[in-house]
Amino acid sequence: MIKLSPLAAKSGNVYVLFGFEAIQARPNLDPYTSTLRTNDETMQVFTSDVHLKHHVRRGIKAHALAQEFSKPDTAIFYEKEDEAGNPRDFTARLKLIRDAYAIKDADKKDALNHCLDLPLFGYVHAVSKESFNVTNAANTLFRPSTFHSCEIFSLGRNNAFPGLKNGEINEAAGSATVDSLEYGFFLALWEINLNMLRVNAENHKAVDWNKTGASGWLEMLINGMWRAYTSDRYPSFTQRSQFAQFVVGWQPQGDVGYENPAELINKLEHKKLTAHHEAIEALNEILPGFLKGWDCTQDTRFVVHSAANCKIDCLG
């Protein structure tokens, strides 16, 4: 489990920078074209914030189970399918939450006060006569993106039997060409508003705000993110070859800059990176200045964690 140092203040914003690799993967395809999301000018690959939050939710549930939460207390609201893969709508999911806790007198904040994802990521409670919005406390400031140019290969795939036409073999049904990201090191910068997190989580039943404060929820977020890209990755082609590399969290004491991690490409002499060792070498050159600009120092950090093969000097 990744542990946090105590936070210096109980309000304001904290920041978390998460670095992960994708190797021969297809992360977060465009839903309309089924292709990688790519900046055509720089050849950087990016993902949506929803994509990252989807995986973090999986990791949060895995983390809660590992911490031996009771089964109801591991609830993630945005699980849109049941264990058999059948779809369920908002009302059905809300009913399951209320049934799990034997709630007789329904309250519009039942989901917010029992599910681990909602205090962090917010939601719209779309039930007639009791609708309300919960503002996100944790957001990615920019689209998670590689900080460098990438190589993308086209791969032919065929998992189907060939077709027959007039007794002769026809073009194989199901054949397709897909694009594959050969190597990418992604950076995702989170901003967590502690004031909003307190408003969302102060009455939560599974994580006692009076005991843990913001630290309990930040540990949930960071451990969930780490697990989603390590021990609890999806086995699918899009997710299985993505790996957590580092996470650093800090609470600024002074002014911060607003540099997008994707803009670090402008500081690279060689903008196309194709392997882990190249990315680590580049990060050792450019990451210290980026973190300093965001007031991330040894005095402001509350967590630093990295993979065994991620040797970035400024992370200690």
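On a predicted model such as this, the values are computed, not experimentally measured, just so you know.

Got a sec to walk through the layout of surface pockets? Specific residues and values, please.
By volume, the largest pocket amounts to about 1100 Å³. Taken together, 32 residues make up the lining of the largest pocket; nearest its centre are Ile 76, Tyr 78, Glu 79, Lys 80 and Arg 88. Considering every element that reaches the lining of the largest pocket, the biggest residue donor is helix α1 (residues 49-66), with ten residues. Here the lining of the largest pocket is composed, by residue class, of 13 nonpolar, six polar and 13 charged. Roughly 200 Å³ of volume is contained in the second largest pocket. The wall of the second largest pocket is formed by Lys 267, Leu 268, Glu 269, His 270, Lys 272, Leu 273, Glu 278, Glu 281, Ala 282, Glu 285 and Ile 286.

Provide a residue-level description of the pattern of salt bridges, including the pertinent values.
The final tally for this structure, using the stated rule, is eleven salt bridges. As a salt-bridge pair, Lys 61 and Glu 79 come within 3.1 Å of each other at their nearest N and O atoms. Linking Lys 61 in helix α1 with Glu 79 in the loop between α1 and α2 (90-100), this pair joins segments that are 18 residues apart in sequence. Judged by its relative accessible area of 26%, Lys 61 falls in the partly exposed class. Taking relative accessible area as the criterion, Glu 79 reaches 24% and is therefore assigned partly exposed. When the shortest N-O distance is used, the salt bridge between Arg 98 and Asp 110 registers 2.9 Å. Of the two residues, Arg 98 is situated in helix α2 and Asp 110 in helix α3 (residues 110-114); the sequence distance between them amounts to twelve residues. Salt bridges here are not isolated pairs; linked through shared partners, they connect Lys 61, Glu 79, Arg 88 and Arg 93.

Talk me through α1; I want residue IDs and the actual numbers.
Over its 18 residues, α1 runs 25 Å from end to end, which matches the ideal 26 Å to within 8%, given 1.5 Å per residue. Those residues of α1 that fall on the buried side of the exposure criterion are His 51, Leu 52, Lys 53, His 55, Val 56, Arg 57, Arg 58, Gly 59, Ile 60, Ala 62, His 63 and Ala 64. Looking at the buried residues of α1, the elements they touch are β1 (13-25), α4 (118-121), β4 (138-140), β9 (176-193) and α6 (209-228). Positive phi appears at Glu 68, one or two residues downstream of α1, with a value of about 60 degrees.

Account for the confidence of the model for the chain, with residues named and values stated.
Fine structural detail should not be taken from predicted coordinates in areas where pLDDT scores are low. Residues with a pLDDT of 70 or more make up 95% of the chain, whose mean pLDDT is 91. Averaged pLDDT values over the elements of the chain bottom out at 63 in strand β8 (residues 168-172) and peak at 98 in strand β5 (residues 145-146).

Could you give an account of α6, naming the residues involved and the relevant values?
Taking 1.5 Å per residue as the helical rise, α6 with its 20 residues ought to reach 28 Å, whereas the 24 Å between its terminal C-alpha atoms falls clearly short. Of all the bends in α6, the greatest measures close to 50 degrees and is centred on Ser 215. Burial of α6 is extensive: 15 of the 20 residues sit out of reach of the surface. Capping of α6 at its N-terminal end is provided by Asp 208; its side-chain oxygen lies 2.9 Å from the backbone amide nitrogen of Asn 210.

Provide a residue-level description of the side chain of His 51, including the pertinent values.
You can see His 51 is positioned in helix α1. When its relative accessible area of 12% is taken as the criterion, His 51 is described as buried.

Now, about the state of the cysteines: what can you tell me, with residues and values included?
As enumerated under the stated definition, the model contains zero disulfides in all. For Cys 314, which is in no disulfide, the shortest distance to another cysteine sulfur is to Cys 296 and amounts to 7.8 Å.

Could you give me a rundown of unusual backbone geometry, with the residues and numbers involved?
Glycine aside, residues mostly have negative phi, and peptide bonds are mostly found in the trans state. Here the phi dihedral of Asn 28 falls at roughly 50 degrees; this positive angle occurs in a residue that is not glycine. Mapped onto the elements of the fold, Asn 28 is located in the loop between β1 and α1.

Any chance you could break down the packing of aromatic side chains for me, citing the residues and the numbers?
Applying the stated criterion across every chain yields a total of 16 aromatic pairs. Geometrically, the ring pair formed by Tyr 15 and Trp 250 is stacked, given 6.0 Å between the ring centres and 25 degrees between the ring planes. Residue Tyr 15 is located in strand β1, and its partner Trp 250 is located in strand β10 (residues 242-250); the two are separated by 235 residues in the primary sequence. Like Tyr 15, the residue Trp 250 is buried in the burial classification. Among the aromatic residues, those joined into a cluster by ring pairs are Tyr 15, Trp 250, Tyr 258, Phe 290 and Trp 294. Note that Arg 58 overlies the ring of Tyr 234, its terminal NZ or CZ placed 4.0 Å from the centroid.

Help me get a handle on the pairing of β10, residues and values and all.
Each regular strand displays side chains that alternate between the two surfaces of the sheet. For β10, the tally of buried residues reaches eight of nine residues, placing the bulk of the element in the interior. By the bridge criterion, eight bridges tie β1 to β10 in an arrangement that is antiparallel. Considered in β10, the bridge of Gly 19 is made with Phe 246. Note: β10 against strand β11 (residues 301-306), five bridges, orientation antiparallel. Following the sheet pairing, Trp 250 is matched in β11 by Arg 301.

About the thresholds
- Residues numbered from 1 in each chain as written.
- Predicted model: local features only at pLDDT ≥ 70, side-chain atom pairs only at ≥ 80, totals over all residues.
- Heavy atoms only, no water.
- 1 Å grid on protein atoms, 1.4 Å probe; cavity = no way out; pocket = protein on both sides within 12 Å on 5 of 7 lines; lining within 4 Å.
- Points joined across faces, edges and corners; volume = space filled by probe spheres on them.
- Helix = DSSP H or I, 4+ residues; strand = E, 2+ residues; numbered from the N terminus.
- Nonpolar A, V, L, I, M, F, W, Y, C, P; charged D, E, K, R; others polar.
- Salt bridge = Lys/Arg side-chain N within 4 Å of Asp/Glu carboxyl O.
- Buried < 20%, exposed > 50% of the residue type's maximum accessible area, 1.4 Å probe, protein only.
- Expected span 1.5 Å × (residues − 1).
- Contact = heavy atoms within 4.5 Å.
- pLDDT = per-residue confidence, 0-100.
- Bend = angle between axes of the 7 residues up to and from the residue.
- Polar contact = N/O pair within 3.5 Å; in protein donor to acceptor, adjacent residues only side chain to side chain.
- Disulfide = S-S within 2.5 Å.
- Phe/Tyr/Trp six-rings, centres within 6.5 Å; stacked < 30°, edge-to-face > 60°.
- Lys NZ or Arg CZ within 6 Å of the ring centre and 35° of its normal.
- Pairing = 2+ DSSP bridges.

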